[in-house]
Amino acid sequence: MATTDRQARTLALAHALSAAERGLAVIPLSRTKLPALRSPHRTDPGPGPAGRPCHGECGRFGHGVYDASTDPVRIRELFAAAPWATGYGIACGLPPYHLIGVDLDTKSGTDSSAALRELALRHLFTIPETVVVLTPSGGRHLWLSGPPDAVVPNSAGRLAPGIDIRGAGGYLVGPGSRTDHGAYTAAPGTAHLAPAPCPPSLLRLLLPPPRAPHPAHPPTGGHGQGLVQFVLAAHEGQRNTRLFWAACRAYENGIGPALVAPLVAAARATGLTEREARATIASAARLTGHRA
C-alpha cells in the first residue's frame with residue numbers, strides 16, 4: 001500500500017472515531033465513496049429474517065450503512081477489515097441527531113443554492129447555522145437534525161433540481177475523507193457545531209405526502225375553501241407565495257386536482273394571470289410528488 005493511502009486511511013479512521021465520539025455512527029468508505037466492504041451475500045440472499053435481505057444479522061461485515069457504529073472497537077475492526085478505506089460515511093436517520101443531509105450539487109448545471117433560497121422564501125423558513133461540509137466538486141452538504149418520529153427518505157432532485165436528500169438508510173461522506181476526486185472538508189467555523197434542527201416547513205417538504213385513504217372528491221367547503229380564501233386574501237407581493245403554499249397543502253391533503261380550478265380563479269382575482277397561476281400550482285404538484 002502506498003504511503004499516501006496509508007496516511008489517508010489513518011486520517012479517515014481518526015476522523016471516524018472523532019465523529020463517533022459525537023454520537024455519529026460511521027462506516028469505512030473506499031475512494032469511490034462507496035462502502036469499503038463488499039457484501040458477504042454476493043452469491044446468496046443472506047439469512048435475513050422472514051426472507052428479507054440480511055442487514056447484518058449474520059454477524060459479518062459488508063452490509064453497508066447497516067454496519068454503522070459508534071463503538072470505537074467495532075469501528076477499528078471495520079477499518080482493519082478494509083485497509084484500502086480512505087474515507088468514512090456517516091449514517092443518517094439514527095439517534096441522537098436523526099441526521100438529514102441536504103446535498104447541494106454543482107454537477108447538474110443548476111444553481112442548487114439559489115433553488116434552496118427560493119424554496120426558503122416560498123415556504124418561509126431559514127436554514128440555521130449548522131455543520132457544512134465542502135465537497136471536491138464545489139458542492140456543499142448541510143447537516144440537519146430531524147425529530148425521532150420522522151423518517152425522511154433519500155431522494156435525488158425531488159425537492160428541486162440539484163438538491164439531493166440523504167435520510168434514513170443513506171449516509172453522508174464525512175469531513176476528512178479522501179476520494180478519487182479530492183477531499184471533503186468542514187466549512188470554516190462549522191466543524192464544532194452540532195447538526196441544527198431542520199426547520200418544520202422544510203421537514204414537511206422532505207417527508208412523503210400522506211396518502212388519501214379514499215379517492216378525493218371535489219371540495220365544497222372545509223379545508224379546501226379555507227385554502228381558496230387564503231389565496232383570495234393575498235396582497236400584492238405575496239400572491240404567488242400564498243398560492244404556492246395553498247397548492248402544496250392541497251396536494252398533501254389529497255385534494256390538489258379538485259382544487260386546481262378554484263385556486264386558479266382565486267389567483268386571477270388577486271391579479272395573477274391564469275398562466276402564472278397554473279405554473280405555480282404545477283410547481284407545487286411536482287414538489288409534493290404529484291402531477292398537476
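Rules used throughout
- Residues numbered from 1 in each chain as written.
- Predicted model: local features only at pLDDT ≥ 70, side-chain atom pairs only at ≥ 80, totals over all residues.
- Heavy atoms only, no water.
- Helix = DSSP H or I, 4+ residues; strand = E, 2+ residues; numbered from the N terminus.
- Buried < 20%, exposed > 50% of the residue type's maximum accessible area, 1.4 Å probe, protein only.
- Contact = heavy atoms within 4.5 Å.
- Areas by Shrake-Rupley, 256 points an atom, 1.4 Å probe, with all protein chains shown as cover.
- Phe/Tyr/Trp six-rings, centres within 6.5 Å; stacked < 30°, edge-to-face > 60°.
- Lys NZ or Arg CZ within 6 Å of the ring centre and 35° of its normal.
- 1 Å grid on protein atoms, 1.4 Å probe; cavity = no way out; pocket = protein on both sides within 12 Å on 5 of 7 lines; lining within 4 Å.
- Points joined across faces, edges and corners; volume = space filled by probe spheres on them.
- Nonpolar A, V, L, I, M, F, W, Y, C, P; charged D, E, K, R; others polar.
- Axes fitted to C-alpha atoms, helices over the stretch in contact; angles between N-to-C directions.
- Parallel < 35°, antiparallel > 145°, perpendicular 65-115°, else oblique.
- Left-handed = near helix turned anticlockwise from the far one by under 90°.
- Pairing = 2+ DSSP bridges.

Asks: I'm lost on the overall build of the protein chain in this one. Help?
Replies: Within the protein chain one finds eight helices and twelve strands. Across the 292 residues that make up the protein chain, the buried fraction comes to 46%. Intrachain contacts of the protein chain at a sequence separation of at least 6 include 72% that bridge at least 24 residues. Accessible area for the protein chain stands at about 14600 Å²; split by element, carbon and sulfur atoms hold 56% of it.

Asks: What is the right way to read the packing of aromatic side chains from this model?
Replies: The geometry of two aromatic rings is summed up by the distance between their centres and the angle between their planes. Under the criterion given, the structure shown has one aromatic pair. With centroids separated by 5.0 Å and ring planes inclined at 50°, the aromatic side chains of F230 and W245 adopt a geometry described as tilted. Separated by 15 residues along the polypeptide, F230 in helix α5 (residues 222–232) and W245 in helix α6 (residues 239–252) bring together distant segments of the chain. Sitting over the face of the ring of F244, R122 holds its NZ or CZ atom 4.4 Å from the ring centroid. Stacked on the ring of W245, the Lys or Arg R249 has its end atom at 5.0 Å from the ring centre.

Asks: Looking at this structure, I do not really get the layout of surface pockets. What am I missing?
Replies: Gaps left between atoms show up when a probe the size of a water molecule is rolled over them. By volume, the largest pocket is sized at about 400 Å³. The element best represented in the lining of the largest pocket is strand β8 (residues 171–173), accounting for three residues. Per-class residue counts for the lining of the largest pocket are six nonpolar, six polar and six charged. The space that makes up the second largest pocket amounts to roughly 200 Å³. When residues of the lining of the second largest pocket are traced back to their parent elements, those giving at least two are α3 (112–123), β6 (155–160) and α8 (274–287). Its residues assigned to classes, the lining of the second largest pocket shows six nonpolar, two polar and four charged.

Asks: In this structure, what is going on with the packing of α6 against α8? I would like to understand it.
Replies: Helix packing geometry: the angle between the two helix axes and the distance between the axes. α8 packs onto α6 with a crossing angle of 45° between their chain directions and a minimal axis gap of 8 Å. Overall, the two elements α6 and α8 adopt an arrangement that is oblique. Here the hand of the crossing between α6 and α8 comes out right-handed. Between α6 and α8, the residues in contact are N240, L243, F244, A247, C248 and Y251 and A277, T280, I281, S283, A284, A285 and L287, respectively. Of the residues assigned to the contact of α6 with α8, the class counts are ten nonpolar, three polar and no charged.

Asks: Got a minute to help me understand the sheet that holds strand β2 (residues 87–91) in this structure?
Replies: In a beta sheet, neighbouring strands are held together by backbone hydrogen bonds and run either parallel or antiparallel to one another. Taking strand neighbours across the sheet as the criterion, the three strands line up as β1-β2-β8 in an open arrangement whose pairing is antiparallel. The open sheet has two edge strands, β1 (26–29) and β8, and neither has a second partner. Each adjacent strand pair in this sheet contributes to an overall mean axis angle of 35°, direction not counted.

Asks: Where do I start with empty space enclosed by the protein in this structure?
Replies: Throughout the structure, instances matching the rule amount to two cavities of 30 Å³ or more. Each pocket or cavity is described by its volume, and for the largest cavity that value is around 50 Å³. Lining of the largest cavity is provided by I27, P28, P35, A36, L37, G62, H63, G64, D67 and L78.

The values are spatial; any link to function lies outside them.
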